[in-house]
2 protein chains.
Amino acid sequence: MTATAMRHDARSPENLGALADQIAGFLAEGRTRTAAAALGGLAAPDWAEIIENIAAPLRIDALSLLAEHDQAEVLGHLRADVQDDLARAMAHDHLARLMSAMSHDERADLWKRLSPELRDALSPAMARAEREDMRRLSAYPEDTAGAVMTSDYATIRPDMLVGEALESLRVQARDAETIYTAYVVDARHRLLGVVSLRDLLVTPDAGRIERLMQAAPVACHATDDREDAARLIARYDLIALPVLDEAGRLVGIVTADDAMDVAEAEATEDFYKGSTIQPIEDSLAHSTLATLYRARIFWLVLLVFGNIFSGAGIAAFEDVIAAHMTLLFFLPLLIASGGNAGAQSATLTVRALATGDVRQSDFARLLLRELVVALGLGLTMAAAVSLIGWWRGGAEIALVVALAMVLIVLMGAVIGLALPFVLSRLGRDPATASGPLVTSIADVLGVLTYFGIAMILLDLG
Amino acid sequence: MTATAMRHDARSPENLGALADQIAGFLAEGRTRTAAAALGGLAAPDWAEIIENIAAPLRIDALSLLAEHDQAEVLGHLRADVQDDLARAMAHDHLARLMSAMSHDERADLWKRLSPELRDALSPAMARAEREDMRRLSAYPEDTAGAVMTSDYATIRPDMLVGEALESLRVQARDAETIYTAYVVDARHRLLGVVSLRDLLVTPDAGRIERLMQAAPVACHATDDREDAARLIARYDLIALPVLDEAGRLVGIVTADDAMDVAEAEATEDFYKGSTIQPIEDSLAHSTLATLYRARIFWLVLLVFGNIFSGAGIAAFEDVIAAHMTLLFFLPLLIASGGNAGAQSATLTVRALATGDVRQSDFARLLLRELVVALGLGLTMAAAVSLIGWWRGGAEIALVVALAMVLIVLMGAVIGLALPFVLSRLGRDPATASGPLVTSIADVLGVLTYFGIAMILLDLG
């Protein structure tokens, strides 16, 4: 079974859902042959989705429709909570065989989540090298390259001839995650270079690897951020990135498909931060309600207290407001505009810093550009709002709201631009400069600016 | 030159910037040999970055330090505006040779942007097949799989033996984007199946391709959304995805590294939409100020008018407010809370829809979950705000603000959840349900709810 077994039209979520119901029906009636036939030719990710859609008691039966090697592949594609359930329900020797056949990174993740009792029960049935490999891979802190790398890569020696290297890769092909990049290591497993299978194929068999290999290849350290590893893979269009330990020894590879998953997870995290949601481990659909509550409540309450300052600002101008109640009409519009302009510039800046499009050293130039753009935005919005001002309160009110609009938009935009840079300089994640945070700061300044201008122009004027 | 020539520590942006300055100095003094030596062993993306960092007049000199085949590769990695400048400045026969050697997708993108005059001038120097290939590739609408695919893939015939297929791939290796997946096509170029190079290597030479290949592989159509193509590559861990025309003929492939770029571009677009910024073609650092202004002004002005409703809401309650000016203190805090809770649920929903984590059919279940979570959030925030209410205005005010808080948070959360679903059902992009839009709607409802409750409890009570 590979990932390329059916035309994708047949694999829509709805079809897979319907298929899952059908399979569950067959299994409940004990018609395993019919169930297996209905699933023929499906790719592992689709199998995994079907098993996730089947009621928990029938899942082992569904998985058992497959040959063991394929079971291992499907197990690796399952959601973590489904994997855990299956692992607890499965016979120990069965689970041990599947884990021996799984991708090294996927089995290490599973191993990490197993209870100590289950680990002890499995240990006798697994080879010592496998247990050590799992322990090593699961030892790296989350969000590091080490935590997403896998150890089933293909290595060759620098003194091999091309023909020997090809033969060696043929032998390693069964177990290695990829053989399209071969890693050249010395006797102490230090990474000397890489060779692509493409180069091996077009080079005469008698060539020597050390002359063909790319020396000093792009690599990262196991303790590097997984996001940086993914970025290197994207930048250099790599199939896999070698991961080194402190001594320059090869300890694993991060594959391009894992890098895509990392990039998606990091983007999701940044989306969440941009709306003051703390990272959640699982998907939205499968998180518990308590998890969702905890991920959201902290900033919401913090911002409640932050917004007290805006309230205090308004309270400070109660006399001005009481004398010109029309001013209240424009309050939501003005403070929202500052927040909106600020959210825009915060998003532009956070994203540009995250993708490497701009750097800390670009701050001054970007600030200048932002001032020009924000002035343009503010003037346009002031024109719009002054018309409404004229209609509701005459020339003086129009002047106050137009002036306030320009200043408020400028301030919002500058805060939105500057905050991510400040956070980044302080060693914090720039993405924390979320829309709501920028909006709250812009709100306070907006209230003070608006009523301040009103007081000067309306009362003293 | 390949992508694996230098340890990445040496490739930090700062180092590349310094190197660019050094090279520019050498070139200005005519010391081309020294410049070439300083750049030895650099990967194409790093070369591209250095050339972008060099003043425009020296860029052709810098590029010319390389062999022509490498120039073509570096040209493909350059930013669009730098490519365009170089193309205009270069001798026609030089440019034609480079374009013949470029990746097919990259040269089609460049071709598309060339002026009609330049295209006419280049045509005689390029093969007819190349011109047709460029025209074909550049004909697909933006954001489709056809617009990101490339036509330099490797094909084999179903009646080949494994040994013959390997020999054929060896020959195609020079020009094909990848040979790690070979596409099996019939005489009319319809896609019959795919074979991985890994499978070819471990199968005896006398096996026949049609028996080895995976029939009916995962594929997409040229007119499919590029985002869907990227998602298939991520889901099935593909090296490349075959792209078919209406008749099932193979017209191109989308490679995994292009899929990573697509995923990043789509995430950026969604970030922008989430803050009411319209998509911009270039990077933030290289967009013109007019582009940035245009991308931002539309929604800002629209939201100004949207916020008039909040102002009108306040104006409608002027009597209540005049009688209880303390109420104003809590106004920013309450309406911001509704907007913040709404922005959170909008972000969770938009992202979950974008990654395929939830679907249209999950709406009812998610709404129920959101109501429970939002009730929890609202009660917590009400507890916080009622303390402040008590302190500022006594028990009655505390009751009003607490009650308003619960309702406002609930409404904001429901709008944030529902709006993306509604937009998606209407065939619009759910990401348009941005924080600022949700906030504006929540603001109006917040004003009405708050002062409505106050009127009932304070004046009639």
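As the structure is a prediction and not an experimental result, all values here were calculated from the model. (Residues numbered from 1 in each chain as written. Chains lettered and ligands numbered in written order. Predicted model: local features only at pLDDT ≥ 70, side-chain atom pairs only at ≥ 80, totals over all residues. Heavy atoms only, no water.)

Colleague: Just checking my understanding: could you explain the relation of the copies chain B and chain A for this structure?
Modeller: Note that the two copies of the chain are related through a rotation about an axis and a translation along the same axis. It takes a turn of 180 degrees to lay chain B on chain A, together with a shift of 0.0 Å along the axis; the resulting RMSD is 0.1 Å. Seen this way, the second copy is the image of the first under a two-fold rotation axis. (Least-squares fit on C-alpha atoms with pLDDT ≥ 70 in both.)

Colleague: What is the right way to look at the sheet that holds strand β4 (residues 214-215) of chain B in this model?
Modeller: Remark on secondary structure: sheet strands pair via backbone hydrogen bonds, oriented parallel or antiparallel. Residues and elements named next belong to chain B. The strand order across the open sheet formed by four strands is β1-β2-β3-β4, and the pairing between neighbours is mixed. With one partner strand each, in any of the chains shown, β1 (155-156) and β4 form the two edges of the open sheet. By the bridge criterion, five bridges tie strand β2 (residues 181-185) to strand β3 (residues 191-196) in an arrangement that is antiparallel. Looking at the pairing, Val184 lines up with Gly193 of β3. (Pairing = 2+ DSSP bridges. Helix = DSSP H or I, 4+ residues; strand = E, 2+ residues; numbered from the N terminus.)

Colleague: Help me understand the interface of chain B and chain A in this model?
Modeller: Put simply, an interface is often sized by how much accessible area is lost when its parts join up. Each side of the interface is counted separately: chain B has 122 residues, and chain A has 122 residues. Interface area, chain B with chain A, both sides summed: about 11,300 Å², of which 64% is carbon and sulfur. Together, Arg198(B), Phe271(B) and Arg296(B) form the three largest contributors to the area buried by chain B at its contact with chain A, with a combined 7%. At the boundary of chain B and chain A, one finds eight salt bridges. Arg359(B) is the salt-bridge partner of Glu49(A), the closest N and O atoms lying 3.0 Å from each other. Where chain B touches chain A, the interface holds 50 residue pairs in polar contact (both at pLDDT 80 or more). Per element, the largest residue contribution to the side of chain B that touches chain A is 18 residues, and it comes from helix α19 (residues 326-354) of chain B. The residue makeup of the side of chain B that touches chain A, split by class, is 75 nonpolar, 25 polar and 22 charged. (Contact = heavy atoms within 4.5 Å. Buried area = accessible area lost by both parts, 1.4 Å probe. Salt bridge = Lys/Arg side-chain N within 4 Å of Asp/Glu carboxyl O. Polar contact = N/O pair within 3.5 Å; in protein donor to acceptor, adjacent residues only side chain to side chain. Nonpolar A, V, L, I, M, F, W, Y, C, P; charged D, E, K, R; others polar.)

Colleague: For this particular structure, what's the right way to read the pairing of strand β6 (residues 240-244) of chain A?
Modeller: A regular strand places its side chains so that they alternate between the two faces of the sheet. Residues and elements named next belong to chain A. Most of β6 is tucked away, with five of its five residues classed as buried. The alternating pattern of β6 places Ala240, Pro242 and Leu244 and Leu241 and Val243 on opposite faces, both of which are buried. Both strand β5 (residues 220-221) and β6 contribute to a ladder of two bridges, which runs parallel. Residue pairing for β6: His221 is matched across the bridge by Leu244. Remark: the β5/helix α15 (residues 226-235)/β6 crossover connection has right-handed handedness. Taken together, the five bridges between β6 and strand β7 (residues 250-255) define a ladder with antiparallel strand orientation. Residue pairing in the sheet places Ala240 in a bridge with Thr255 of β7. (Buried < 20%, exposed > 50% of the residue type's maximum accessible area, 1.4 Å probe, protein only. Right-handed = clockwise from strand over helix to strand, strands pointing away.)

Colleague: I would appreciate a short explanation of the confidence of the model for chain A in the present structure.
Modeller: When pLDDT drops low, the exact placement of atoms in the prediction is not to be read closely. Residue and element names in this part refer to chain A. Per-residue pLDDT for chain A averages 91, and the proportion of residues at 70 or more is 97%. The low-confidence segment residues 1-9, where pLDDT is below 50, has 47 contacts with residues more than four positions distant or belonging to other chains. Both scores are available for the predicted complex, with the pTM at 0.89 and the ipTM at 0.88. (pLDDT = per-residue confidence, 0-100.)

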